[in-house]
Amino acid sequence: SARMAEFASSSYYRVAVCAGEPGAQLKIEVDGAEGELPVLLAGALPESAASPCDVAAIGPGLRAFPEYIDLVFSDAQRAVYDERAAALSKADFGLSVRIDGSPPITASAHLRGKGTLGCERKSYTLSLNGAGRHWLPESRTDEFYLLSMCADDRYVEQYTANQLLSELGLFPLGFRLVEVALDGETRGVYLLLEKPREELVRDGSGIHDVMRRRFETNPPTDYFESKFSTGLFDAAALYAAAATADIASMQDEISLDPYLRFLALMTAYQNGDYIDEIWVTASEQRLAAKQGLWFETMAWDNDDLFSECHYSGQFAFVDPNALVYCAEATIDHVLLADPAIYTRYVDILEDLLLREVPPERFDAAADATEAAILPILARDGVSAAMVRLVEENPEAIDPAEAQRDVSAKLADLRGSYRSRHAELLARIAAYRGASL
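Note that the coordinates shown come from a computational prediction; the quantities given were computed from them, not determined experimentally.

A. Fine view of the overall build of the protein chain. A tally of regular secondary structure across the protein chain gives 14 helices and 13 strands. Relative to the compact-globule value of 22 Å for 436 residues, the protein chain shows a C-alpha radius of gyration of 24 Å, a close match. Dimensions of the protein chain along its principal axes, counting C-alpha atoms only, are 70 × 65 × 40 Å. Out of the 436 residues belonging to the protein chain, those deemed buried represent 48%. Carbon and sulfur atoms make up 52% of the accessible area of the protein chain, which totals about 20500 Å². In the protein chain, 39 positive and 69 negative side-chain charges are present, and the distance between their average locations comes to 1 Å.

Take a look at the structure:
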């Protein structure tokens, strides 16, 4: 991996070309090398056709990403949409999309969410017609989530948590905060996000299955919901078998240290609900002397930071050292009950607290969230559209008060993490002292 990265840094060239007529070809030749490379050029996208092409910006990747996404309906389309919203139906509906006042892009969408489907500010799965769009850094796709974050207190927890998860290799999706409108009427701040199923398949190598973990309480059990499958393996059964096997064989099939790092970060966040908030990819590769699936974890939907463990913690792993929080999955109980793996987990937790996510790093993530959301709240009508915020603080209909309120929430998060960080380090010291 390091050799490949070194090679890419010294041997990779970016070529910037303005779009021509659809179907036009470009011929690339390298001085002193035999052969040539024909490249089929894409036509200019409708929303950018009238804009001047700036190769100096395209070359280094200095793109302007959309800040305002307007979901536009004809009268007939709006009637269908209103029916879908009233019935809480996830059936598709047609629409067009305007970004920053550009010409419309034809599209289709549907409502999304489970516990949040009934929120006044709906969340959407959006599919654009035509080529993929560069709406997110290092991303080109035609399918997105637009999340209203209606279950996210002050709309800041997911965005803050995702930054740190990304740096730890536990959240590979692109995301940004944007303003969303319906027929020109603002609906406030949304989280624009790559679709996980598509991106995990597209960006992975040899992906056979993509699954999301779910949880039922009667009887208490976790299971996997298939989101994508080649049908060649029963990935859910193979994961369940690996998750209850002996630790030595488990490490040949499950990417274990990243999973323990995930548990450590959920503990540091004091996340009260994450058992059903992971996705798992299964890829086929040769593992030691056998052929099998390799399972990797992606975190998801972290909007329960510094909260009580749901179900009053009755399904959580009981840790007398209080170094594990709300770990409810079968694999959690198996892993943490093993003394060697528990010691390994504590080492990972300590490294995370001291090196990977010290309080200063959490503060920086909260600062980035603040810098992203406050300018959007200052726009006309945005703060009044933030329904949950206004319900809890009617004065937040005023943009300045909405900004103050959200900043206060971020200040609370910074303080909560700093306290939690010190608390866990003290508990680790006590555990190590008791272990001598």
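B. Looking closely at the side chain of N302. Position of N302 among the secondary structure elements: in the loop between β13 (290–299) and α9 (330–337). A relative accessible area of 1% means that N302 is categorised as buried. Contact partners of N302, with chain neighbours within four places excluded, come to E157, Q158, A161, L165, M266, Y269 and N271.

C. Region of interest: the sheet that holds strand β7 (residues 143–147). Spatially, seven strands are ordered β3-β4-β5-β6-β7-β9-β8 in a closed barrel, and the strand pairing comes out mixed. Taken pair by pair, the neighbouring strands of this sheet meet at an average axis angle of 40 degrees, ignoring direction. By the bridge criterion, six bridges tie strand β5 (residues 105–112) to strand β6 (residues 123–128) in an arrangement that is antiparallel. From the neighbouring strand, A107 faces β6, where its bridge partner is L128. Across the sheet, helix α3 (residues 75–87) touches β3 (68–72), β4 (93–99), β5, β6 and β8 (175–182), and the angle it forms with β4 is around 110 degrees.

What counts and how
- Residues numbered from 1 in each chain as written.
- Predicted model: local features only at pLDDT ≥ 70, side-chain atom pairs only at ≥ 80, totals over all residues.
- Heavy atoms only, no water.
- Helix = DSSP H or I, 4+ residues; strand = E, 2+ residues; numbered from the N terminus.
- Rg over C-alpha atoms; globule rule 2.2 N^0.38 Å.
- Buried < 20%, exposed > 50% of the residue type's maximum accessible area, 1.4 Å probe, protein only.
- Areas by Shrake-Rupley, 256 points an atom, 1.4 Å probe, with all protein chains shown as cover.
- Lys, Arg positive; Asp, Glu negative; His and termini not counted.
- Charge placed at Lys NZ, Arg CZ, Asp CG, Glu CD.
- Contact = heavy atoms within 4.5 Å.
- Pairing = 2+ DSSP bridges.
- Axes fitted to C-alpha atoms, helices over the stretch in contact; angles between N-to-C directions.

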